[in-house]
Amino acid sequence: SRNEYNITSPAELVRSSAATAVGYMTFNRGAMRILLTACRRNPETYQLLFANLSGGKISDTFVREWEYCLTVGLPSQSTGLVPIDHQVMPDHAASQSTLINQFKTT
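Predicted, not measured: the structure shown is a model, and the values here were computed from it.

Q: Explain a nonpolar patch on the surface to me, using residue names and the numbers behind them.
A: On the surface, Tyr-68, Val-72 and Leu-74 cluster together into a nonpolar patch covering about 290 Å² of accessible area. Looking at where Leu-74 falls in the secondary structure, it is placed in the loop between helix H4 (60-72) and strand S1 (84-88).

Below is the structure:
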């Protein structure tokens, strides 16, 4: 089963380790945007992250952006919106956005 390798695993140590790793990833702007997209697709992901964090760190910016999404009522991406491909820019382009969103047209 794939669950044994992620945040929904029945094993507490695996869930805690996964949540800690994901929490630290929120400090990378590109990874944070991808995680926000995942949380919008499945809001339970955000709840599982916090429930299993156990001492790990998470970016305050990520938390504020998630709360902003909830406040303004951005739609869940589970409602059939077009998927977004994310590309992280090289480090030398740090003065620009670290994420390029490309909408697929089908």
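That covers the picture; the talk isn't over yet.
Q: So what's going on with helix H1 (residues 12-25)? Residues and values would help.
A: Its 14 residues place the ends of H1 20 Å apart at the C-alpha level, agreeing with the 20 Å of an ideal helix rising 1.5 Å per residue. The complete set of buried residues in H1 reads Arg-15, Ser-16, Ala-18, Ala-19 and Gly-23. Taken down its axis, H1 places every buried residue within 165° of arc, on the same side. Residues of H1 that are buried sit in contact with helix H3 (44-51).

Q: Before we move on, could you go through the packing of H3 against H4 and cite the residues and values that matter?
A: Close contact between H3 and H4 brings their axes to 12 Å; oriented N to C, the two are set at 145°. The hand of the H3/H4 crossing is left-handed. Of the residues in H4, those touching H3 at Tyr-46, Leu-49 and Phe-50 are Phe-62, Val-63 and Trp-66.

Q: Describe the state of the cysteines, naming the residues involved and giving the relevant values.
A: Applying the stated criterion to the full structure yields 0 disulfides. Free cysteine: Cys-39, not disulfide-bonded; nearest cysteine sulfur from Cys-69 at 9.2 Å. Residue class for Cys-39 comes out buried when judged on its relative accessible area of 0%.

Parameters and conventions
- Residues numbered from 1 in each chain as written.
- Predicted model: local features only at pLDDT ≥ 70, side-chain atom pairs only at ≥ 80, totals over all residues.
- Heavy atoms only, no water.
- Patch = residues over 30% accessible without salt bridge, like charges linked within 9 Å, V, L, I, M, F, W, Y side chains within 5 Å.
- Areas by Shrake-Rupley, 256 points an atom, 1.4 Å probe, with all protein chains shown as cover.
- Salt bridge = Lys/Arg side-chain N within 4 Å of Asp/Glu carboxyl O.
- Helix = DSSP H or I, 4+ residues; strand = E, 2+ residues; numbered from the N terminus.
- Expected span 1.5 Å × (residues − 1).
- Buried < 20%, exposed > 50% of the residue type's maximum accessible area, 1.4 Å probe, protein only.
- Arc of directions from axis to C-beta.
- Contact = heavy atoms within 4.5 Å.
- Axes fitted to C-alpha atoms, helices over the stretch in contact; angles between N-to-C directions.
- Left-handed = near helix turned anticlockwise from the far one by under 90°.
- Disulfide = S-S within 2.5 Å.

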